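# Topology and contacts: notes
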Amino acid sequence: AFLNQKLTACSLTDVDEEPELPMRFELGQNYPNPFNPSTVISYQLPVSSHVQLAIYATTGQLVRTLVKGQMARGNHAIVWDGKDERGKRLASGSYFYQLIAGDFQSTRRMIFLK
């Protein structure tokens with residue numbers, strides 16, 4: 001009976017190919033780093049959250065707010081052009097970017113080279 005059974009093949013491509021939703025908050029390292037003239041900052045939200053993503057000078061001074069508001073669950077990325085809130089190009093050096101989403105907070109360092 002075993003030899004007469006019809007075998008059906010299944011392939012991995014039959015699996016739902018939706019992008020995987022994140023299971024935890026995460027702030028990725030910017031890419032490229034060092035950068036000039038722009039860099040991409042990515043982050044993941046496991047649930048819809050109020051998000052603030054901001055750039056700071058090494059002195060702690062706010063340089064620019066990139067995201068502020070409610071964001072959907074998922075993977076997100078934003079490009080920063082190395083400019084402050086007024087559109088002025090910043091000096092070369094180290095900067096920090098910080099993600100605050102709900103109770104989650106993470107800060108990373110990046111280097112801007114002219």
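So, here's what we can say about the structure. Because the structure is a prediction, the values reported are computed rather than measured. Sequence order sets the numbering: in each chain, residues are counted from 1 along the sequence as written. Only residues with pLDDT of at least 70 are given local features in this predicted model, and only at 80 or more are side-chain atom pairs given and counted; all residues enter the totals for whole chains, interfaces and linings. Note that the side-chain values use all heavy atoms of the structure and ignore hydrogens as well as water.

Salt bridges are defined as contacts in which a side-chain nitrogen from Lys or Arg sits within 4 Å of a carboxyl oxygen from Asp or Glu. Within this structure, the stated rule accounts for three salt bridges. In this structure, Glu26 and Arg24 form a salt bridge, with 3.2 Å as the shortest nitrogen-oxygen distance. Note on classification: 1.4 Å probe, protein chains only; a residue is buried when its accessible area is under 20% of the maximum for its type, exposed when over 50%, partly exposed between these limits. Since its relative accessible area comes to 29%, Glu26 is described here as partly exposed. For Arg24, a relative accessible area of 53% corresponds to the exposed category. Linking Arg64 and Asp81 is a salt bridge whose minimum nitrogen-to-oxygen distance equals 2.7 Å. Of this pair, Arg64 sits in strand E4 (residues 62–71) while Asp81 sits in the loop between strand E5 (74–80) and strand E6 (93–101), placing them 17 residues apart in sequence. Strands are runs of DSSP state E lasting at least two residues, helices are runs of H or I lasting at least four, and both sets are numbered from the N terminus onward.

Turning our attention to the sheet that holds strand E7 (residues 104–112). Two strands make a pair as long as DSSP finds a minimum of two bridges between them. Here we have four strands laid out as an open sheet, ordered E4-E3-E6-E7, and antiparallel in their pairing. The open sheet is flanked by E4 and E7, the only strands paired with a single partner. On average, adjacent strands in this sheet sit at an angle of 15° to one another, irrespective of strand direction. One ladder, built from seven bridges, connects strand E3 (residues 49–57) with E6; its direction is antiparallel. Lines fitted to C-alpha atoms define the axes, with helix axes restricted to the stretch in contact, and inter-axis angles between N-to-C directions lie between 0 and 180 degrees.

Let us now look at the nonpolar core. Here, the term nonpolar core denotes a set of buried Ala, Val, Leu, Ile, Met, Phe, Trp, Tyr and Cys residues that are joined through side-chain atoms within 4.5 Å. Core analysis: the largest hydrophobic core is formed by 20 residues, its most contacted members being Ile41, Tyr43, Leu53, Ile55, Trp80 and Met110. Elements with a minimum of two residues in this core: strand E2 (39–45), E3, E4, E6 and E7. Setting aside its immediate chain neighbours within four residues, Trp80 contacts Phe35, Pro37, Ser38, Thr39, Ile55, Val63, Arg64, Leu66, Leu90 and Met110. In what follows, residue pairs with any heavy atoms lying within 4.5 Å of each other are defined as contacts.

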